[in-house]
Amino acid sequence: MANAEPRSAAQVEASHPAASGMARAAWLAGNLRRLPPAIPALGLHLPIWAFILAVCHGVGSTCGLSLTALTWIEGLTAWAVTRGLGLPRWWQPINLFFFPLLGLALSSEIEPLWAMVAFIALALTSLGSLRTRVPLFLSSRPAVAALARCIPERPGLRLIDLGCGLGGPLAGLARLRPDLVLHGVEAAPLNWLVSRLRLDRRARIALGSLWDQDLSRFDVVYAYLSPAPMARLWDKACREMRPGSLLISNSFEVPGVAPDRVIALDDLSRSRLLLWRIP
Ligand SMILES: C[S@@+](CC[C@H](N)C(=O)[O-])C[C@H]1O[C@@H](n2cnc3c(N)ncnc32)[C@H](O)[C@@H]1O
């Protein structure tokens, strides 16, 4: 379903009259996936809130539920809808916990100054993920150690970390594999600054989009992104990287392209490194 081209709901229903409800849900989910996630998220939560508040208003004072209870009812409903529509699994906890956590933050009497500092930090590290669909999370130590082991030993090999975050993998590689020439690119300004300061002269860190990088300059490309950009990244790698060079993805698969090698990692999320030799 994830890769199926969504047709119109009417077409889908005509071809599967018995399963029209499921077909409509699949068609809706297919179209939702094409929008920036903030839009379907709003489209999901606003009607649920409108419904809950309308019910409470109708019931009047007998409703008597606390804000916390309302946020949990909302979160559970959004979780059920997310499941019902067959949206990617990682949307489920986000939709379940978003409003309960917001309610918790609002009721915890945080100083407005700290709330503003937290918001600015969040914006500078993660606001771009509304568009890129790639949030900030960090490679584990076992992932970096496995990465260092699986890169061929050839003096002067050039590696880039696409979306280098806070520079953890590059710092680890600088220590474990001093033979490598290290580069990183990062779109979020605060992440870029942290990487830049952390790596100093051990790696060249560019501020900008990974899509503007010319990958033909690199022998190894490392990416820990999300499912969203993987098909596009594979196309770019095949177009630009030299045959025989390596694309390594932490956790995320390229749809429809089996990796040449998979390395299981002994970390909390039981993730994997996936390696492709560019044909
Ligand atoms: C999951 S984090 C991985 C960070 C780091 N590579 C690591 O493994 O610890 C993904 C990073 O990619 C960055 N990013 C997302 N889209 C990007 C883009 N189009 N260009 C450059 N960086 C991007 C995000 O800001 C985020 O810091």
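If you're wondering where the values come from, they're calculated on a predicted model, not measured in any experiment.

A. Examining the site of the ligand more closely. Lining the immediate environment of the ligand, one finds 21 residues, of which Ser139, Gly163, Glu186, Leu210 and Tyr224 sit closest. Within the side chain of Asp161, a nitrogen or oxygen atom sits 3.1 Å from a nitrogen atom of the ligand. In the model, an oxygen atom of the ligand is placed 2.6 Å from a nitrogen or oxygen of the Glu186 side chain. Coverage of the ligand by the protein amounts to 97% of the 600 Å² it exposes when considered alone. Classifying every residue of the shell around the ligand by side-chain character gives 12 nonpolar, 7 polar and 2 charged.

B. Looking closely at the layout of surface pockets. Quantified by volume, the largest pocket comes out at close to 1500 Å³. Mapped by element, the contributors of at least two residues to the lining of the largest pocket are helix H3 (38-59), helix H5 (91-107), helix H6 (112-126) and helix H7 (129-132). Ranked by the residues each element gives to the lining of the largest pocket, the list is headed by H5, at 7 residues. In the lining of the largest pocket, the residues fall into 25 nonpolar, 5 polar and 1 charged. A domain split of the lining of the largest pocket shows at least three residues from each of domain 1 (9-132) and domain 2 (141-277).

C. Structural view of the nonpolar core. If you look at the biggest cluster of nonpolar residues, it comprises 48 residues, and the most contacted ones within it are Ile151, Ile248 and Leu273. If you list the elements that add at least two residues to this core, you get helix H8 (141-150), strand E1 (158-162), helix H9 (168-176), strand E2 (181-186), strand E4 (220-223), helix H11 (230-240), strand E5 (246-250) and strand E7 (272-277). When residues of this core are assigned to their parent elements, the largest contribution, 5 residues, is made by H8. Each residue touching Ile151, except ones within four places of it in the same chain, is listed here: Leu157, Leu159, Leu173, Arg177, Leu180, Val220 and Ile248. Counting 8 residues, the second largest nonpolar core, distinct from the first, contains Leu44, Trp49, Cys56 and Leu70.

D. Molecular detail of the pattern of salt bridges. According to the stated counting rule, one finds 5 salt bridges in the structure shown. Linking Arg242 and Asp219 is a salt bridge whose minimum nitrogen-to-oxygen distance equals 2.7 Å. In this pair, Arg242 sits in the loop between H11 and E5 while Asp219 sits in the loop between strand E3 (204-207) and E4, placing the two residues 23 residues apart along the sequence. You can call Asp219 buried: its relative accessible area is 13%. Arg272 serves as the salt-bridge partner of Glu253, at 3.0 Å between the closest nitrogen and oxygen. Of the two residues, Glu253 sits in the loop between E5 and strand E6 (261-264) while Arg272 sits in strand E7, which places them 19 residues apart along the sequence. Relative accessible area serves as the criterion here: at 30%, Arg272 is assigned to the partly exposed category.

E. Spatial organisation of a nonpolar patch on the surface. A surface patch of nonpolar side chains, about 830 Å² in accessible area, is lined by Ile110, Leu113, Trp114, Met116, Val117, Phe119, Ile120 and Leu124. Mapped onto the elements of the fold, Met116 is located in helix H6.

F. Layout of the packing of H6 against helix H10 (residues 189-199). It is the contact of H6 with H10, at a shortest axis distance of 5 Å, that shows an interaxial angle of 80°. Classified by the angle between their axes, H6 and H10 sit roughly perpendicular to one another. Facing H6, whose interface residues are Ala121, Leu124 and Thr125, H10 presents Pro189, Leu190 and Asn191. Of the residues assigned to the contact of H6 with H10, the class counts are 4 nonpolar, 2 polar and no charged.

Cut-offs used in this document
Residues numbered from 1 in each chain as written. Predicted model: local features only at pLDDT ≥ 70, side-chain atom pairs only at ≥ 80, totals over all residues. Heavy atoms only, no water. Near = heavy atom within 4 Å. Polar contact = N/O pair within 3.5 Å; in protein donor to acceptor, adjacent residues only side chain to side chain. Areas by Shrake-Rupley, 256 points an atom, 1.4 Å probe, with all protein chains shown as cover. Nonpolar A, V, L, I, M, F, W, Y, C, P; charged D, E, K, R; others polar. 1 Å grid on protein atoms, 1.4 Å probe; cavity = no way out; pocket = protein on both sides within 12 Å on 5 of 7 lines; lining within 4 Å. Points joined across faces, edges and corners; volume = space filled by probe spheres on them. Helix = DSSP H or I, 4+ residues; strand = E, 2+ residues; numbered from the N terminus. Domains from an automatic or database assignment. Core = buried A, V, L, I, M, F, W, Y, C linked by side-chain atoms within 4.5 Å. Buried < 20%, exposed > 50% of the residue type's maximum accessible area, 1.4 Å probe, protein only. Contact = heavy atoms within 4.5 Å. Salt bridge = Lys/Arg side-chain N within 4 Å of Asp/Glu carboxyl O. Patch = residues over 30% accessible without salt bridge, like charges linked within 9 Å, V, L, I, M, F, W, Y side chains within 5 Å. Axes fitted to C-alpha atoms, helices over the stretch in contact; angles between N-to-C directions. Parallel < 35°, antiparallel > 145°, perpendicular 65-115°, else oblique.

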